[in-house]
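# Tertiary structure, described
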Amino acid sequence: MKRNNIPLEIIEEHRAKISLALSIVTLALLCLIITQVDKALVPRKDSDASVSDNAAQEEVLPTTTTSVRILAAGNNIFDDNILTVGQTGGDVWDYDSVYSLIKDEISQADLSIVTQESAFTADHSQVSGESVYFTPLEVGSALINAGFDIIAGATDHADDYGSVLLADSLNAWRSTYPDTPLLGLYLSQEEAANIQVVEKNGIRIALLSYAFGSYSDSIKNDAPFMVDYLEREKVANVIAQAKSISDCIIFLAHWGNLDNAVPTAYQDQWARFLLQQGVKVTIGSHPHVLQPCQLLSDGAGNEMLVYYSLGNLVSGAQTAPELLGGLAGFTLEKSVTGDQITVRVTSNTLTPVIMHYSANLNICNVYPLSAYSDNLARGHGILAADAYAESAMSVASFQNLFNYIMGLSLTPSNGSALLDYTFNPDTTLTGPDGSILYPGEIAAPNASEGTLDALIQVMSSGSDAASDPAAGTDLLQTE
């Protein structure tokens, strides 16, 4: 049949079939495309929803916060001229009254710490308060009764009587006051490996007490484990261990030059090392005079509050600047968000205190400077030994001295070489290569501003004291 002769109805029918077939194929292709697109989009929608849900979860993750208020005091050292104040007759001595005027402030803290300069003895015949020190155990009782929870014991006088009597001292302390830690002193190598951790208000605080060296050096050969001394590798290892079992670290450092209010390069290098290791607060003692406080930070995000020296708490000091001490107060705040824990210092104070004793010792107390009076100052027992001090003995003079010390400039020290020097009983330092440094060689450039003579001059200047800067963050020098 010729094409031109095909009937019209057949042609139309054929076209309709082709059109239907094309429609079916097109519809099938569209269904396939839609199915594939839907498969591709559905997981992504689920993933987006999951991410969104996780983000929402992170946004509302609760943070719990707790804090602990800590107080720290400086050297507690009973010289011969005040030891008799507690000897009221009989076998039991009593020194509670010495701390009575600061007891409330000590007890109000969640945790209170003091540095005990010398070892304790239960034998009154062994008591000594000059050159070499052995302090009656009743002084320890008075510290506890005043509210102190922790005693830092690693000092340059801890081993004045050697390892045997130090062991006797530790045994007497532990049998009498088993619940009050005496830091930095040990009876065995195994004991020395244990780190003291105290938990307060849900915050686990590791406490370390280290001294620069010893004047007697008597135990370094036969029992070097008995006192913690500053050694770079040892300190780094202990801090690493402490960080693994605590939320933060407080480091008690017995360091610095005697009777100088300017921190040495040795103190500065150790402070920066402790900062880098992750210590949160460092509290200094030994110089017997106050030194400034500072907030240090580094490029790794570490921050550390350091009180370079809190001066003397109790002493029979016979120079006026040594009568001024400080009670450090600071708050540690712990924040927990999920498994993230951060601890920071949220406030800090420094309260000036005066060690007062009258000539006949009928008054022997630590006074907050705010509660001290010119009348008391004029009757201070120091005048019997040092008449020149009369011009320095007033409330205004002590406030001037406090303001002056807190304003002393702090010069960073370069490097960390001094961390590898060890102290000798003659106060020199020996380097790894055998080289010798004298105390003056590690002094800061402006050390002359902090000498005893300079401090006495500040007190004797006669100028009125500026308004009390009292003890807030404005006292800190921040880098």
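Throughout this document, residue positions are counted from 1 along each chain, in the order its sequence is written. Local features in this predicted model are restricted to residues whose pLDDT is 70 or higher, and side-chain atom pairs enter the listing and the counts only when it is 80 or higher, whereas totals over whole chains, interfaces and linings include all residues. Side-chain measures were taken over the full set of non-hydrogen atoms in the model, leaving aside hydrogen atoms and water.

## A look at the sheet that holds strand β9 (residues 203-211)
Note: two strands are recorded as paired if DSSP finds a minimum of 2 bridges between them. Per the convention used, a helix needs a DSSP run of H or I reaching at least four residues, while a strand needs a run of E reaching at least two, with both numbered from the N terminus. Pairing in this open sheet of seven strands is mixed, and the strands run β8-β9-β10-β11-β13-β12-β21 from one edge to the other. Edge strands, defined here as strands with exactly one partner in the open sheet, are β8 (196-200) and β21 (477-478).

## Some details on the side chain of R272
Mapped onto the secondary structure, R272 falls in helix α8 (residues 265-277). Buried means the residue's accessible area, taken with a 1.4 Å probe over protein chains only, is under 20% of the maximum for its type, while exposed means over 50%, and partly exposed covers the values in between. A relative accessible area of 17% places R272 in the buried class. Note on definitions: a residue-residue contact is assigned when non-hydrogen atoms from the two residues lie within 4.5 Å. When residues no more than four places from it in sequence are discounted, the contact partners of R272 are L296, P412 and E479.

## What about unusual backbone geometry?
With a phi angle near 60 degrees, D217 is a residue other than glycine that sits in the positive phi range. By the element assignment, D217 lies in the loop between β9 and α7 (232-244). Look at H286: it is not a glycine, yet its phi comes out positive at around 110 degrees. One can find H286 in the loop between β11 (281-285) and β12 (293-297).

## Let's talk about the packing of aromatic side chains
For this analysis, a ring pair means two rings from Phe, Tyr or Trp (six-membered ring only for Trp) whose centres lie within 6.5 Å, classed as stacked if their planes differ by under 30 degrees, edge-to-face if by over 60, and tilted for the remaining angles. Counted by the stated rule, this structure contains 13 aromatic pairs. A centroid spacing of 4.9 Å and a plane angle of 15 degrees characterise the contact between F134 and Y161, whose relative ring orientation is stacked. Separated by 27 residues along the polypeptide, F134 in strand β5 (residues 132-136) and Y161 in the loop between β6 (150-152) and α5 (162-176) bring together distant segments of the chain. On the accessibility criterion, F134 (3% relative accessible area) is buried.

## A closer look at α5
For an α-helix, the turn length of 3.6 residues means that residues three or four places apart are oriented alike. The terminal C-alpha atoms of α5 lie 21 Å apart, and with 15 residues this matches the ideal 21 Å at 1.5 Å per residue to within 8%. If you check which residues of α5 are buried, you get G162, S163, L166, A167, S169, L170, A172 and W173. Any helix carries an expected span of 1.5 Å times its number of residues minus one.

## Focus: the environment of Q126
With respect to the element layout, Q126 can be found in the loop between β3 (120-121) and β4 (128-130). Exposure remark for Q126: the relative accessible area of 27% places this residue in the partly exposed category. Distance from Q126 to P136, taken between C-alpha atoms, is 8.4 Å for residues 10 residues apart in sequence. If we skip the residues at most four places from it in the chain, Q126 touches T121, F134, Y161 and L165.

## Some points on the sheet that holds β3
If you trace the three strands from one edge of the open sheet to the other, you get β3-β5-β4, paired in mixed fashion. With partners counted over all chains shown, the strands left at the sheet margins are β3 and β4, one partner each. As paired strands, β3 and β5 are joined by two bridges and run parallel to one another. Across the sheet, residue F120 finds its bridge partner in β5, namely T135. For helices, the axis comes from a line fit to the C-alpha atoms of the stretch in contact; other axes are also lines fit to C-alpha atoms, and the angle between any two N-to-C directions lies between 0 and 180 degrees. In this fold helix α4 (residues 137-146) packs onto β3 and β5, with an angle of close to 60 degrees to the strand it touches most, β5.

## Description of the nonpolar core
Among the nonpolar cores identified, the biggest contains 104 residues, and Y99, I205, I250, L313 and L332 are the most heavily contacted of them. A per-element tally of this core places strand β16 (residues 340-357) first, with six residues. Grouping buried Ala, Val, Leu, Ile, Met, Phe, Trp, Tyr and Cys residues that are joined through side-chain atoms within 4.5 Å yields what is termed a nonpolar core. Counting residues in hydrophobic clusters, the runner-up holds 35 residues, among them Y210, I239, L275 and V279.

From the geometry alone we can't say anything about function, so treat these as descriptive.
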